[in-house]
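Tertiary structure, described
What follows is each chain in one-letter form.
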Amino acid sequence: MSGKHSARRTPIRVLLGSATEGASVVVTGWVKTSRFSKNVSFVHVYDGSTPKTVQVVLTAEQAETHRADLGTGAAVRVEGTWVASPAAGQPFEVHATGITVVGACDPADYPLQKKATSMEFLRTVAHLRPRANTFQSVFRVRNALAANVHRFFQERGFLWIHTPILASADAEGAGELFSVTAGDAPEGFFGHPVYLTVSGQLEVESFAQAFCDVYTFGPTFRAENSNTARHASEFWMIEPELAFADLSDVLSLAEDFVRTVANGTMDALPDDFDFFDQRIEKGIVASIRDIVNKPFARITYTEAQEILAASGRSFQFPIGWGSSMQAEHERFLAEEHFKGPVFVTDYPVEQKAFYMRLNDDGRTVAASDLLVPRIGEIIGGSQREERLDVIRDQMARRGMGEAPLWWYLDLRRYGTTPHGGFGLGFERMLMWITGMQNIRDVLPFPRTPGSADF
Ligand code: 4AD
Ligand code: MG
């Protein structure tokens, strides 16, 4: 059925790319707009394959028969001839030889009937908003970004590991867990507490210690009560892990990765990126291209604090060595000081997770966040603590029990290696390259505190 110009349907993207004058075509899709007049009537149809619509020219008789049913939103099937178009902005149009209204759409109460609809309103119709222009482009880009993520790793020989979604431990130790229970057997099903994973890192480490270069890419869940434009309760994370590697290897991988997938995704969908450039964030394509193709800055946390102190800015949250970096500090560094992506490394040990490698100074860890303009943190990564005695000490300092992580400690007992990796927030990357301002608008059905309605 997926033949290039099948009798079932040919995607509009394919027609625009390869159909020749006079070809018989079948177009299926939904009516974006229609215009009826005595002499000639048009229906503009989209099918999700491209931001472009196809103009269907109806005969007077077809227009007369279907006029009432061809309003915005109606599902249609059109058979016709591919003909050079006299209209500006489109090389071809379809002269319909037959048109079927597959599914009518009552204009009286169709929620997307109005032209100007706010993002907030569209969230209340998350089941219909994929049909709106912005979301058409967002979800095509989301798909292309995911494909580019896999291509990047597959071309470099990384194994994709399907780490579990039902997790037995709190990988980040931050306590932001959703508990999983089975019907009326709260903790009985597995015999111990089980949670939705906050990260696949710990499990993927065990595969790095067998295959060297691996990654996990899947949904993660956090019960943090942060109602911000950059936090979701369910989001996707990409987590590569390298054995026989130190922090600088991890940063090099992260930089290559961000550069390659940003460029690759923009290359794949030029028309959608034109839309973001013109309608969502003016100039975004040139600005992303420019900053991803330059080397990313690298500074330590200590240097970051010095820059913040020297900035003369008054921040809402405290600065100075030992204070935690807030979004306002991160955005100042990336947006105003470096005007591009910046890796901040070597954070105070107290601020970071138990598994990060303790530096020789005894007070910082080999961790790094990547900060970017407009978003702040998009990557968190580190070299891992591979020394058994040191990691046990780090767990004890945090009051963590060893029992649930016995297997993770085993990795330090049997053939341990220096290793490390990072986690990229998939939606934050998507927001960054499209200019979309709220994480709720790049997730198909967003889950945030107080909201999981669909
Ligand atoms: O910095 P985080 O917590 O790092 C980890 O989970 C590590 N296990 C990663 C690793 O080293 N393998 O999360 C990684 C990234 C963040 O930088 C951010 O982009 C994203 O995940 N993220 C969120 N995105 C949306 N909503 C949330 N609630 C997020 N929390 C983290
Ligand atoms: Mg982080």
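See the structure above.
Presented here is a report on the structure given in the accompanying data block. Sequence order as written defines residue numbering, which begins from 1 separately in each chain. Whichever chain is written first is A, and whichever ligand is written first is 1; the rest continue in order. A pLDDT threshold of at least 70 governs which residues receive local features in this predicted model, and a stricter bar of 80 or more applies before side-chain atom pairs are shown or counted, although totals over entire chains, interfaces and linings include all residues. Heavy atoms throughout the structure, all of them, feed into the side-chain values; hydrogens and water do not.

Observations regarding a nonpolar patch on the surface
Residues Ile165, Leu166, Phe189 and Phe190 make up a contiguous nonpolar surface patch of roughly 390 Å² in combined accessible area. Relative to the helices and strands, leucine 166 is located in strand β7 (residues 166–167). Patch membership requires over 30% relative accessible area and the absence of a salt bridge. Like charges are linked within 9 Å, and nonpolar side chains (Val, Leu, Ile, Met, Phe, Trp, Tyr) within 5 Å. Per-residue and other accessible areas follow the Shrake-Rupley method at a 1.4 Å probe size, with only the shown protein chains counted as cover for residues. The working definition used for a salt bridge is a side-chain nitrogen of Lys or Arg within 4 Å of a carboxyl oxygen of Asp or Glu. Each helix is a run of DSSP H or I of at least 4 residues and each strand a run of E of at least 2, with the numbering of both proceeding from the N terminus.

Considerations on the packing of helix α4 (residues 133–155) against helix α6 (residues 247–268)
Between N-to-C directions, angles span 0 to 180 degrees; the directions come from axes that are lines fitted to C-alpha atoms, helices contributing only their stretch in contact. Relative orientation of the contacting elements α4 and α6 amounts to 135°, with a least axis distance of 9 Å. Relative to α6, the element α4 is oriented oblique. The crossing of α4 and α6 is right-handed. Along its contact with α4, which presents Val141, Ala144, Leu145, Asn148, Val149, Phe152 and Phe153, the element α6 presents Leu253, Asp256, Phe257, Thr260, Val261, Gly264 and Thr265. Gly counts as polar in this scheme, as do all residues outside two lists: the nonpolar Ala, Val, Leu, Ile, Met, Phe, Trp, Tyr, Cys and Pro, and the charged Asp, Glu, Lys and Arg. Class assignment of the residues belonging to the contact of α4 with α6 gives a composition of nine nonpolar, four polar and one charged. To sort the angles, those under 35 degrees are grouped as roughly parallel, those over 145 as roughly antiparallel, those from 65 to 115 as roughly perpendicular, and the leftovers as oblique. Here a crossing is taken to be left-handed if its near helix is turned anticlockwise relative to the far helix by less than a right angle, and right-handed if that turn runs clockwise. Residue contacts are counted whenever heavy atoms from the two residues lie within 4.5 Å of one another.

Structural notes on the pattern of salt bridges
Scanning all chains against the criterion turns up 24 salt bridges. Residues arginine 142 and glutamate 427 are paired through a salt bridge, measuring 2.9 Å at the closest nitrogen-oxygen approach. Of the two residues, arginine 142 is situated in helix α4 and glutamate 427 in helix α13 (residues 426–434); the sequence distance between them amounts to 285 residues. As far as the burial class goes, arginine 142 and glutamate 427 line up, both buried. Throughout, exposure labels follow a simple rule: accessible area from a 1.4 Å probe, protein chains only, divided by the maximum for the residue type, with under 20% read as buried, over 50% as exposed, and the rest as partly exposed.

A closer look at the site of ligand 1
Note on definitions. A residue lies near a molecule or strand when any single heavy atom of the residue is within 4 Å of it. As a structural note, the neighbourhood of ligand 1 is formed by 24 residues, with Glu172, Gln201, Glu224, Glu239 and Glu377 the closest of them. For the purposes of these results, a polar contact is taken to be a pair of N or O atoms within 3.5 Å, where, inside protein, one atom must be able to donate a hydrogen and its partner to accept one; residues adjacent in sequence count only when each atom of the pair is a side-chain atom. Note that a nitrogen atom of ligand 1 is positioned 3.0 Å from one of the backbone N or O atoms of alanine 232. In the environment of ligand 1, a nitrogen atom lies 2.7 Å from a nitrogen or oxygen atom belonging to the side chain of glutamate 239. Contact with the protein chains removes 93% of the 630 Å² of surface that ligand 1 exposes when unbound. Elements represented by at least two residues in the shell around ligand 1 include exactly β11 (234–243), β15 (376–383) and β16 (419–425). The greatest single-element share of the shell around ligand 1, amounting to five residues, is contributed by β15.

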